[in-house]
Structure formats: structure tokens, C-alpha cells
Amino acid sequence: MIDLWYTAFIIGAGCYFYLLGRIIRGLVQLRRHKMMISSSQPTVAIVIAARNEETCIKRTIEALTSQDYPAHLTEIIIVNDRSTDQTAAIVSELSKLHPQVNLINQTEIAQSLSPKKQALDRGIRLAKGEIILTTDADCQPSRGWLTSMIQHFTPDVGMVTGRAKFTIAQRSRYWQTLQALDFQSQGYAAAGLIADAIPFSCTGASLAFRKILFNEINGYAGVDKLISGDDELLLAKADESHWKIVNAATSAAVVPTRPPDTLRELWMQRIRWGSKGLYYNNRRKLILAGVFLFLLCLTIGPAILMIDSAFLSLWIAFTLLKISLDLTAMLLGSQIYTEKLKLIDFFLLEFIHAPAMVVFTLAGHFISFEWKGQTFRSRTSSAR
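What you see is a predicted model, and the numbers here were worked out from it, not measured in a lab.

S.K.: Help me understand the pattern of salt bridges in this model?
M.R.: Opposite charge on two side chains lets them pair, provided their charged atoms get close. The final tally for this structure, using the stated rule, is 15 salt bridges. For Glu93, the salt bridge identified is with Lys96, shortest N-O distance 3.1 Å. One end of the pair, Glu93, and the other, Lys96, are both in helix 3 (residues 87-97), three residues apart, so they sit about a helical turn from each other. Among the residues examined, Glu93 registers a relative accessible area of 47% and is labelled partly exposed. Glu350 is the salt-bridge partner of Lys322, the closest N and O atoms lying 3.2 Å from each other. A residue pair is termed long-range when its members are at least 10 positions apart, and Lys322 in helix 11 (residues 311-336) and Glu350 in helix 12 (residues 343-366) qualify at 28 residues.

S.K.: Explain the packing of aromatic side chains to me, please; I cannot follow it from the model alone.
M.R.: Counted by the stated rule, this structure contains 13 aromatic pairs. Aromatic side chains Phe17 and Phe294 sit 5.3 Å apart centroid to centroid with 65° between the ring planes, which places their arrangement in the edge-to-face category. Highlighted residues: Phe17 in helix 1 (residues 2-32) and Phe294 in helix 10 (residues 282-305), separated in sequence by 277 residues. On the basis of relative accessible area, Phe17 is assigned to the buried category, the value being 15%. By the ring-pair criterion, three or more aromatic residues cluster together here, those being Phe9, Tyr16, Phe17, Phe294 and Phe318. The ring of Tyr337 has Arg163 sitting right over it, with the charged end atom 4.5 Å from the ring centre.

S.K.: Hey, could you run me through the packing of helix 9 (residues 263-274) against helix 12 in this one?
M.R.: Two numbers describe a pair of packed helices, the interaxial angle and the distance between the axes. Here helix 9 crosses helix 12 at 75°, and the two axes come no closer than 7 Å. Considering the angle they form, helix 9 stands roughly perpendicular to helix 12. Of the residues in helix 12, those in contact with Trp267, Arg270, Ile271 and Gly274 of helix 9 are Val359, Phe360, Thr361, Ala363, Gly364 and His365. Its residues placed into classes, the contact of helix 9 with helix 12 shows five nonpolar, four polar and one charged.

S.K.: Is there a simple way to think about unusual backbone geometry in this case?
M.R.: Leaving glycine out, the prevailing phi sign among residues is negative, and the prevailing peptide bond configuration is trans. The phi dihedral of Asn218 falls on the positive side, at around 60°, and the residue is not glycine. With respect to the secondary-structure elements, Asn218 resides in the loop between helix 7 (211-216) and helix 8 (232-239). Positive phi, normally seen in glycine, also occurs at Thr338, with a value near 50°. Looking at Thr338, the relative accessible area reads 67%, which means it is exposed.

S.K.: How should I be thinking about the layout of surface pockets in this particular structure?
M.R.: Over the atoms, a rolling probe the size of a water molecule traces out where space has been left empty. Quantified by volume, the second largest pocket comes out at close to 530 Å³. Surrounding the second largest pocket, 16 residues form its lining, Thr177, Gln184, Lys340, Lys342 and Asp345 being those nearest its centre. Contributions of two or more residues to the lining of the second largest pocket are made by strand 6 (163-166) and helix 6 (174-195). Top contributing element to the lining of the second largest pocket by residue count: helix 6, with five residues. A class-by-class count of the residues in the lining of the second largest pocket yields seven nonpolar, four polar and five charged.

S.K.: Even after reading the chapter, I still don't get helix 3, so can you show me in this structure?
M.R.: Each turn of an α-helix holds 3.6 residues, which means side chains three or four residues apart point in the same direction. The set of residues buried in helix 3 consists of Thr87, Val91 and Leu94. Viewed end-on, helix 3 has its buried residues packed into an arc of 65°, placing them on one side of the element. Looking at the packing, one finds that the buried side of helix 3 touches strand 1 (44-50), helix 2 (57-65), strand 2 (74-81) and strand 3 (101-106).

S.K.: Explain a nonpolar patch on the surface to me, please; I cannot follow it from the model alone.
M.R.: On the surface, Tyr174, Ile344 and Leu348 cluster together into a nonpolar patch covering about 290 Å² of accessible area. Mapped onto the secondary structure, Ile344 falls in helix 12. On the basis of relative accessibility, which here comes to 56%, the residue Ile344 falls in the exposed class.

S.K.: Which parts of the structure should I look at to understand the side chain of Thr87?
M.R.: The topology assignment puts Thr87 in helix 3. Judged by relative accessible area, Thr87 falls into the buried class, the value being 1%. A distance of 2.8 Å separates the side chain of Thr87 from the backbone nitrogen of Glu53, its partner in a polar contact. A polar contact is formed between the side chain of Thr87 and the backbone nitrogen of Glu54, at a distance of 3.3 Å. Every residue in contact with Thr87, bar those within four places of it in the chain, is listed here: Ala50, Asn52, Glu53, Glu54 and Asn80.

S.K.: Even after reading the chapter, I still don't get the nonpolar core, so can you show me in this structure?
M.R.: What tends to happen in soluble globular proteins is that the nonpolar side chains get buried as a cluster. Grouped together as the largest cluster of nonpolar side chains are 43 residues, with contacts concentrated most on Phe9, Phe294 and Leu295. Of all the secondary-structure elements, those providing two or more residues to this core are helix 1, helix 6, helix 10, helix 11 and helix 12. For this core, the element with the highest residue contribution is helix 1, accounting for 13 residues. If near-sequence neighbours (up to four positions away) are discounted, Phe9 is found in contact with Phe294, Cys297, Leu298, Phe311, Leu314, Trp315 and Phe318. With 35 residues, the next largest nonpolar core counts Ile78, Val91, Phe153 and Ala164 among its residues.

So, how was this worked out
In this convention, every chain numbers its residues from 1, walking through the sequence in written order. Local features are withheld for residues below a pLDDT of 70 in this predicted model, meaning they are given only at 70 or higher, and side-chain atom pairs are given and counted only at 80 or more; totals for whole chains, interfaces and linings count all residues. Side-chain measures were taken over the full set of non-hydrogen atoms in the model, leaving aside hydrogen atoms and water. When a carboxyl oxygen of Asp or Glu lies within 4 Å of a side-chain nitrogen of Lys or Arg, that pair is called a salt bridge. In DSSP terms, a helix is any run of H or I states spanning at least four residues, a strand is any run of E spanning at least two, and both are numbered starting from the N terminus. Here's how the labels work: a residue is buried when its accessible area is under 20% of the maximum for its type, exposed when over 50%, partly exposed in between, all with a 1.4 Å probe on protein chains only. A pair of Phe, Tyr and Trp rings is counted when the ring centres sit within 6.5 Å of each other, with Trp represented by its six-membered ring. The angle between the planes then sorts it: under 30 degrees is stacked, over 60 is edge-to-face, the rest tilted. Any Lys NZ or Arg CZ found within 6 Å of a ring centre and within 35 degrees of that ring's normal is scored as a charge over the ring. To get an axis, fit a line to the C-alpha atoms, keeping to the stretch in contact for a helix; angles then go from 0 to 180 degrees between the N-to-C directions. The scheme is simple: roughly parallel for angles under 35 degrees, roughly antiparallel for over 145, roughly perpendicular for 65 to 115, oblique for anything else. Contacts are residue-level and defined by heavy atoms, with any inter-residue pair within 4.5 Å sufficient. In this classification, the charged set is Asp, Glu, Lys and Arg, the nonpolar set is Ala, Val, Leu, Ile, Met, Phe, Trp, Tyr, Cys and Pro, and all remaining amino acids, among them Gly, are polar. Put plainly, a pocket is an open set of points on a 1 Å grid over the protein atoms alone with protein on both sides within 12 Å along at least five of seven lines, a cavity is a set where a 1.4 Å probe fits but cannot get out, and a lining residue has an atom within 4 Å of a point. Grid points are joined across faces, edges and corners, and a volume is the space filled by probe spheres set on the points. Picture the helix axis, draw a direction to every C-beta atom, and the arc is the one those directions span. The patch calculation keeps residues exceeding 30% relative accessible area without a salt bridge and links them within 9 Å when they carry like charges or within 5 Å when they are nonpolar (Val, Leu, Ile, Met, Phe, Trp, Tyr). Here the accessible surface of atoms and residues is derived via Shrake-Rupley with a 1.4 Å probe, and residues count as covered only by protein chains that are part of the display. Counting of polar contacts relies on pairs of N or O atoms within 3.5 Å, with two restrictions inside protein: one atom must be capable of donating a hydrogen and the other of accepting it, and residues adjacent in sequence are counted only when both atoms are side-chain atoms. Residues grouped as a nonpolar core are buried Ala, Val, Leu, Ile, Met, Phe, Trp, Tyr and Cys residues, joined through side-chain atoms within 4.5 Å.

What follows is the structure in C-alpha cells.
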């Protein structure tokens with residue numbers, strides 16, 4: 001049994017350090033090399049799926065109508081996904097002031113499919129723009145967001161990814177500071193992997209792609225039954241096309257978003273994110289399975305030490321190597337995006353990172369979660 005754990009630990013470590021090595025190499029490339037910038041100004045459509053967002057949808061639309069990109073080339077489509085509050089009324093009023101704002105009401109959904117993906121798909125299909133951008137209804141991108149994303153669309157580029165960043169108040173609880181740092185590290189990892197030509201993740205809060213690409217890969221078909229993954233699973237499909245995927249590693253492409261306010265919200269968010277692991281292609285699944293195995297061995301390592309003390313040297317070596325490489329990636333990312341990194345926060349996050357990821361991953365595949373006022377069963381898209 002101990003030999004099995006040794007084997008699992010070594011295989012898992014190989015997957016983790018391979019992935020982290022690619023992240024670091026990609027971040028080094030981003031830091032050293034400037035991206036090709038396009039001067040063209042294509043027509044664009046910003047598509048947002050909104051459900052019960054009356055408290056923030058006005059600010060979001062105001063941020064989008066204040067972009068420094070030509071308004072006559074911009075279309076803003078808000079797909080109201082069966083909201084029971086004043087979301088639709090607010091959007092309708094704002095559309096009278098801003099002719100580029102269009103409201104689409106989604107009143108019915110296919111129960112076997114993801115409501116958000118259905119809303120986005122409808123908005124994208126109706127969009128006239130050559131480039132589609134998505135963000136979330138509670139996000140307010142900076143004035144240069146649209147221009148920053150569009151500038152990366154050279155003729156061979158089909159998708160451009162940005163980043164999202166949690167906005168933390170000065171008097172926030174410390175666990176929110178740690179979750180913001182964890183979210184920050186995920187953004188750095190996504191950017192590094194895309195720069196190193198193995199796209200693994202992105203965020204729908206700051207994402208752009210050619211409509212022709214969306215049509216060529218048949219949109220969300222094949223992944224539309226999963227609640228989560230309107231961003232990462234679409235990225236995976238795009239990666240199998242002939243189009244190039246690049247990352248917009250600029251501060252303007254970083255969209256601020258609201259973090260979970262309570263630990264319960266955090267729990268629901270993370271198990272929702274963890275629910276899509278089995279829906280990646282085989283290559284991604286194998287690598288991520290190895291990463292999970294490594295984090296699991298790190299988590300239960302102290303228990304194994306009670307049986308075999310010789311396991312200690314391997315556990316310490318891999319733990320120190322993980323910390324060193326994780327810190328290297330964080331320092332590179334903070335330099336690229338000119339963001340601060342507090343080492344005390346980093347080391348505390350490292351302490352809980354492995355067990356937290358193990359728990360969230362397992363929960364995402366076996367426990368139901370709540371989202372937008374609905375409850376979804378694990379590994380299905382059925383709402384109840």
C-alpha cells in the first residue's frame with residue numbers, strides 16, 4: 001500500500017511540476033516579449049447573460065457605454081435570463097438613452113441545458129459584430145477594456161483572454177484577502193499557459209472571440225449540459241480549431257469583479273467551478289487528474305508518515321519545491337500586471353491550498369450547489 005502511495009505521489013508531482021513549469025515559461029515569455037498589436041477596429045458585440053442583477057446592471061452598462069472604442073461599432077446585448085426583479089426594466093430604460101444597448105428576454109429554457117449558456121448562445125447568434133466579448137453582469141470593466149482586447153486580434157487570432165480580479169474592501173475579512181490572492185494566482189496560471197500554447201483556463205468576465213470561430217466550433221454544443229464552463233470549455237473547443245489563442249496581459253484587460261460575501265457563497269462558487277473537471281478532453285483530464293493526485297498526497301501526507309516515516313523526506317522535498325515554484329509564478333505574474341504580493345498572505349495560502357483544492361474538486365462532482373437562486377445537481381445541468 002505504501003509503495004502505491006509513493007508511485008501516486010511521484011506521478012502526481014510530475015504532472016503538477018510539468019504544468020507549473022509551462023506556466024512559468026509562459027509568464028517569462030509575456031514579460032520579455034511584446035504582443036503583436038492590431039490597429040483595425042472591427043464591429044464588436046458585448047454579450048452579457050443577466051439574472052436578477054438589478055443592483056449592479058446599471059453600473060455595468062454605464063461602464064460599457066463609456067468605453068473608448070467607437071460607439072457606432074459597438075453593440076451591447078443584455079440577455080435577461082428569467083429575472084424576477086427589475087433587471088429587464090432597468091436595461092430597457094437605459095436602451096432608450098444608449099441606442100447600442102439591446103435587451104433580449106429569455107423566458108423559457110431547455111431543462112437539460114445550462115441556462116447561462118443558452119442565454120449567451122442566443123445573444124451571440126443574434127449579434128451583428130465580428131468580434132464577440134463577454135463579461136459578467138456584476139462587472140464594470142475599465143474604460144480601455146474593449147480597446148485593449150480588440151488590439152490583440154491580429155488576422156490569425158481567434159480568441160483573446162483577459163483576467164478578472166476580486167475587488168476587496170480595506171476592511172474585508174482575512175479569508176476574502178486569501179481568496180482574492182488565490183483567484184489572482186489562477187489568473188496568472190491561465191495567462192502563462194496560454195502564452196506557452198497550452199490553454200487550460202480563462203474567465204468569461206473578460207473574454208473575446210471571433211463570431212466566425214464560435215460558429216465553426218458550433219458554439220457550446222457538446223458542453224451545453226454542464227452548468228459551469230461557458231468560458232473554459234469554450235476555450236478548450238477553440239484550442240482544437242486552426243485559430244490562435246492569445247492573452248491580453250495588460251491592466252486594462254483585467255476586469256474587477258465582486259468576491260463571494262460569505263463562506264457559504266465561496267463554497268458554492270468553488271464547487272461549481274470544480275464540477276466541470278470530467279468534461280475536459282482526455283489530455284487535460286489526465287494532467288488534471290495527476291495534479292489532483294499530487295495535492296491529495298500532500299494533504300494526507302502527515303497520515304502516511306504515521307505508517308512509514310521514510311515518506312517524510314519525499315513529502316518535504318515536494319512541498320518545498322511546490323512552494324518555490326508557486327512563488328516564482330506569483331512573482332512573475334505580479335511583475336507583468338504590476339500588482340502587489342504580500343509574502344505573508346502567500347505562505348498562509350500555500351498552507352491551505354492543497355487540502356482546499358482536494359475538497360472543492362471532490363465536492364464539485366458529488367455535491368449539489370446553488371447558483372442564481374437555483375439548485376443544480378452535481379455532474380448534471382438539471383435545476384430544481
